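# Fold and geometry: a report
Residues per chain are reported as follows:
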Amino acid sequence: MPRSLPAPCTCTTARPDAGTAAPDAAAGRKSVPASPLWPWGPAPWDAWAQAMRAVLPGAQEGGTHHLSAAPAPEPTDRPDPPTSADRLLHAMLARTTGGLSPAALWLAYADWAVHLAASPGKVQQLAEKAGRKGVRLLGYASQLAAGTACPRCIEPLPQDRRFAAEGWQAPPFNVIHQAFLLNQQWWHSAMTGVSGVSAHHERVVAFMTRQLLDTVSPVNFPATNPEVLAATLREGGQNLVRGAMNFWADWERALGGKPPIGAEAFRPGREVAVTPGQVIHRNRLMELIQYAPATPSVHADPVLIVPAWIMKYYILDLSPENSLVQNLVSAGHTVFMVSWHNPDAADRDLGMDDYLRLGILEALRAIRAVVPEGRVNAVGYCLGGTLLAIAAALLARDGEDVLNSVTLLAAQTDFTEAGELTLFIDDSQLAFLEDVMWDQGYLDTRQMAGAFQLLRSHDLIWSRLVRDYLLGQRAAMTDLMAWNADATRMPYRMHGEYLRRLFLSNDLFEGRFDVEGKPVILGDIRAPLFVVATERDHVAPWRSVYKITLHEELDVTFLLTSGGHNAGIVSPPGHPGRHYRLGRHPAGGRYTDPETWQATAPVRDGSWWPAWLAWLGERAGGLGPPPSMGAAAKGFPPLEPAPGRYVHET
């Protein structure tokens, strides 16, 4: 803000050569006397000097400051904010680009192209590689034509299962898919290893080029996919008819904003989110659910679960057999759950501080009213875990001994190696995204879903298109799939703060994240931590989650489980094919790098839930009678049965 100007000074000090000043009735102040050097009236320089006295502090007549004194420093100039016209243009562009900034992509490819053009040695290498790959493919095809058994030119990556079916090993499809893989490998070599290209731009061009190549994969076209051709011949084309019907049904639902087919069989409060409980507190941002006890006696210290607000809370309370909440109450824990409000345009100015204050801190206040003698075992999932880490550091900084333990599920505290999601996060992309949210007031669910689907385009986009529209098959809807389709929105201000302060600047891990004007430090946390990561997590890669062990002051039990970001966390006992590794990093202990830890930690079969429940039970206090449902006398009466209202917001 520009500083206010001082009022003009009206008092003067007489100079030895000053004449008599006649009153100036029109101005209401004394007139400037005539100067011997300017007999025609007030001298121009005297008028200028009097004007300067009106705006410069200390420029009084007869003083030592006068006009030679330097003016008070002006505040640092700030750049003008984007105009509304620019923001509206960017918002319209985003509707055609899926929220991706054309400028960010152009800068990345320009960086690559300019440096490649200035690297003739790299160009020569690429030409030689293209020639060698062509010769290899020609030799492979010649041997097959001659009926000679020969090994494949190139093996797919372990996670690439597109060409695993038997039909891809028969001609001509074996040559077709080998040509595609060789071409894909060449383009990866072309996009990487160009001297001078920034690491971020290199990752962007490699990722986007891979996405473009995936669109022209032979898997995606009926004429080059042996599985589709076989199904078409076997069924007389009925698979394509069913696929067309599936496409139109999905298109109609997408245009109408309806959930996918089959999701109606998993409704919150009926088929999922059915663990009994009561909403005991509600504010503009969240509802707090207290679950009814399932055992005659319960542990003294309650459990608070903080899910991410990018999702509905009931991923942790799905069908009874898949419900982490049900497992907790069956083990004798008093469980509280935060259910977030689904924001709309009216909530555009909600920020990270609001989620901290109205979310976690408000929930802790209510829990202390219900269980005044207990200390809370807090659990945070994904972004909710990051917010919980901030809250734990804040409480430690302020000397509030509220938390008994902290569990972080697939939650990052360091964002320097946050996986391919960082490809969408740089200054250009964030400015573009902020303009989109400025227009809407929030980030739309479809825009978020598109980014996450690109991270696993093989599994979430192309394989689904082939299965649903070319083979005419439908995967059976599950409770987890239905929950995944029940997405939420992110407020404009909060999402901008989250991306800039955490992802772009890494303020939390580096000790610059301010709450109430002072930084919070993760190393201040004294409650023991149980940190869970998943092996195939594209949102919170396990090596990124593992970085919390770099804080030597923390007592961290680290668990790495099979599965991905969601399915790895929802891992009830009895689920086939599950395994995990478990180890402890005591406070003050020596750091172990993630590769060494993974190589030395023994693999244990089964779900990780029993191991965590055993750890939690050791820290949950003795057994006693269950607390009351809510605390009406303290302002937290039961309001309505779980799952409450906010979970139904669309």
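Residues numbered from 1 in each chain as written. Predicted model: local features only at pLDDT ≥ 70, side-chain atom pairs only at ≥ 80, totals over all residues. Heavy atoms only, no water.

Within the largest apolar cluster, 143 residues are counted, with the highest numbers of intra-cluster contacts made by Leu288, Leu304, Phe558 and Trp612. At 11 residues, the largest contribution of residues to this core is made by helix H10 (residues 352–370). Core analysis: the next-biggest nonpolar cluster, separate from the first, contains 16 residues, Val228, Ala231, Val466 and Leu471 among them. (Core = buried A, V, L, I, M, F, W, Y, C linked by side-chain atoms within 4.5 Å. Buried < 20%, exposed > 50% of the residue type's maximum accessible area, 1.4 Å probe, protein only. Helix = DSSP H or I, 4+ residues; strand = E, 2+ residues; numbered from the N terminus.)

Right, let's talk about the pattern of salt bridges for a bit. Tallied over the full model, the rule gives 34 salt bridges. Residue Glu362 is joined to Arg365 by a salt bridge in which the shortest nitrogen-to-oxygen separation is 2.9 Å. In this pair, Glu362 and Arg365 both sit in helix H10, 3 residues apart, roughly one turn of the helix. Residue class for Glu362 comes out buried when judged on its relative accessible area of 17%. Residue class for Arg365 comes out partly exposed when judged on its relative accessible area of 46%. One salt bridge connects Arg584 with Asp555, and the closest N-O pair in it is separated by 2.9 Å. Here Arg584 is found in strand S18 (residues 579–585), whereas its partner Asp555 is found in the loop between helix H17 (542–546) and strand S17 (556–561), with 29 residues between them in sequence. It is possible to trace a salt-bridge network through shared partners that takes in Asp250, Arg464, Arg467, Asp468 and Arg474. (Salt bridge = Lys/Arg side-chain N within 4 Å of Asp/Glu carboxyl O.)

Overall, the predicted model of the chain reaches an average pLDDT of 87, with 86% of residues at or above 70. Taken together, the stretch residues 54–70 has pLDDT below 50 and engages in 24 contacts with residues farther than four places along the chain or on a different chain. (pLDDT = per-residue confidence, 0-100. Contact = heavy atoms within 4.5 Å.)

Axes are the key here: two packed helices are described by the angle between their axes and the distance separating the axes. One way to put it is that H10 packs onto helix H16 (residues 492–504) with a least axis distance of 8 Å and a crossing angle of 105 degrees. One way to sum up the angle between H10 and H16 is to call them roughly perpendicular. Across the interface between the two elements, Met352, Asp354 and Tyr355 of H10 pack against Arg493, Met494, Glu497, Tyr498 and Leu502 of H16. (Axes fitted to C-alpha atoms, helices over the stretch in contact; angles between N-to-C directions. Parallel < 35°, antiparallel > 145°, perpendicular 65-115°, else oblique.)

This paragraph deals with helix H2 (residues 84–97). With 14 residues, H2 should cover 20 Å at 1.5 Å per step; its first-to-last C-alpha distance of 20 Å lies within 8% of that length. Every buried residue belonging to H2 is among Arg87, Ala91 and Ala94, and all of these are buried. With its buried residues spanning 55 degrees around the axis, H2 presents them on a single face. In H2, the exposed positions angled more than 90 degrees off the buried face are occupied by Ala85, Met92 and Thr96. (Expected span 1.5 Å × (residues − 1). Arc of directions from axis to C-beta.)

Further remarks concern the pairing of strand S16 (residues 529–534). When you tally the buried positions in S16, you get 6 out of 6 residues, the bulk of the element. Judged by which residues are buried, S16 turns out to be covered on both faces: Leu529, Val531 and Ala533 on one side and Phe530, Val532 and Thr534 on the other are all buried. Examined bridge by bridge, strand S11 (residues 403–409) and S16 share 4 bridges and lie parallel to one another. Within S16, the residue paired with Leu409 across the bridge is Val532. (Pairing = 2+ DSSP bridges.)

With 26 residues, helix H4 (residues 120–145) ought to run about 38 Å at 1.5 Å a step, and its terminal C-alpha atoms sit 37 Å apart, in line with that. Listed as buried for H4 are Lys122, Leu126, Lys133 and Tyr140. Looking at the packing, one finds that the buried side of H4 touches helix H3 (102–117) and helix H5 (173–191). Backbone geometry just after H4 places Gly147 at a positive phi near 80 degrees.

Let us now look at a nonpolar patch on the surface. Taken together, Phe247, Trp248, Trp251 and Leu255 make up a surface patch of nonpolar side chains, about 500 Å² in accessible area. On the secondary structure map, Trp251 appears in helix H8 (residues 238–255). (Patch = residues over 30% accessible without salt bridge, like charges linked within 9 Å, V, L, I, M, F, W, Y side chains within 5 Å. Areas by Shrake-Rupley, 256 points an atom, 1.4 Å probe, with all protein chains shown as cover.)

Once that is clear, we can look at the packing of aromatic side chains. Under the counting rule described, the total for this entry stands at 25 aromatic pairs. Arranged with centres 5.1 Å apart and planes meeting at 85 degrees, the rings of Trp186 and Trp187 form a pair that is edge-to-face. The class of Trp187 is partly exposed, set by a relative accessible area of 30%. An angle of 55 degrees between the planes, with centres 6.2 Å apart, marks the rings of Tyr546 and Tyr591 as tilted. Highlighted residues: Tyr546 in helix H17 and Tyr591 in the loop between S18 and helix H18 (594–600), separated in sequence by 45 residues. Given the relative accessible area of 0%, Tyr546 is considered buried. (Phe/Tyr/Trp six-rings, centres within 6.5 Å; stacked < 30°, edge-to-face > 60°.)

Another point: the pairing of strand S9 (residues 335–340). The element S9 is extensively covered by neighbouring structure, given that 6 of its 6 residues are classed as buried. Residues Val335, Met337 and Ser339 of S9 are buried on one face, and the alternating residues Phe336, Val338 and Trp340, pointing to the opposite face, are buried as well. Bridge count for strand S6 (residues 286–291) against S9 is 5 bridges, and the pairing is antiparallel. Note that in S9 the partner of Ile289 across the bridge is Met337. When strand S8 (residues 303–306) meets S9, the two strands line up parallel, connected through 3 bridges. By the bridge assignment for S9, Ile305 is matched with Met337.

Here we come to empty space enclosed by the protein. One pass over the structure, following the stated rule, counts 2 cavities of 30 Å³ or more. Counted as a void, the largest cavity has a volume near 90 Å³. Along the walls of the largest cavity sit Leu100, Ser101, Ala104, Leu105, His200, Val204, Phe207, Met208, Leu423, Phe424, Asp426 and Gln429, which together make up its complete lining. Within the residue set of the lining of the largest cavity, elements represented by two or more residues are H3 and helix H6 (199–215). The dominant element in the lining of the largest cavity, judged by the number of residues it contributes, is H6, at 4 residues. Residue composition of the lining of the largest cavity, grouped by class: 8 nonpolar, 3 polar and 1 charged. Of the pockets and cavities examined, the second largest cavity occupies roughly 50 Å³. As for the second largest cavity, its lining consists of Ala308, Trp309, Met311, Lys312, Tyr313, Ser339, Trp340, Thr488 and Val647. (1 Å grid on protein atoms, 1.4 Å probe; cavity = no way out; pocket = protein on both sides within 12 Å on 5 of 7 lines; lining within 4 Å. Points joined across faces, edges and corners; volume = space filled by probe spheres on them. Nonpolar A, V, L, I, M, F, W, Y, C, P; charged D, E, K, R; others polar.)

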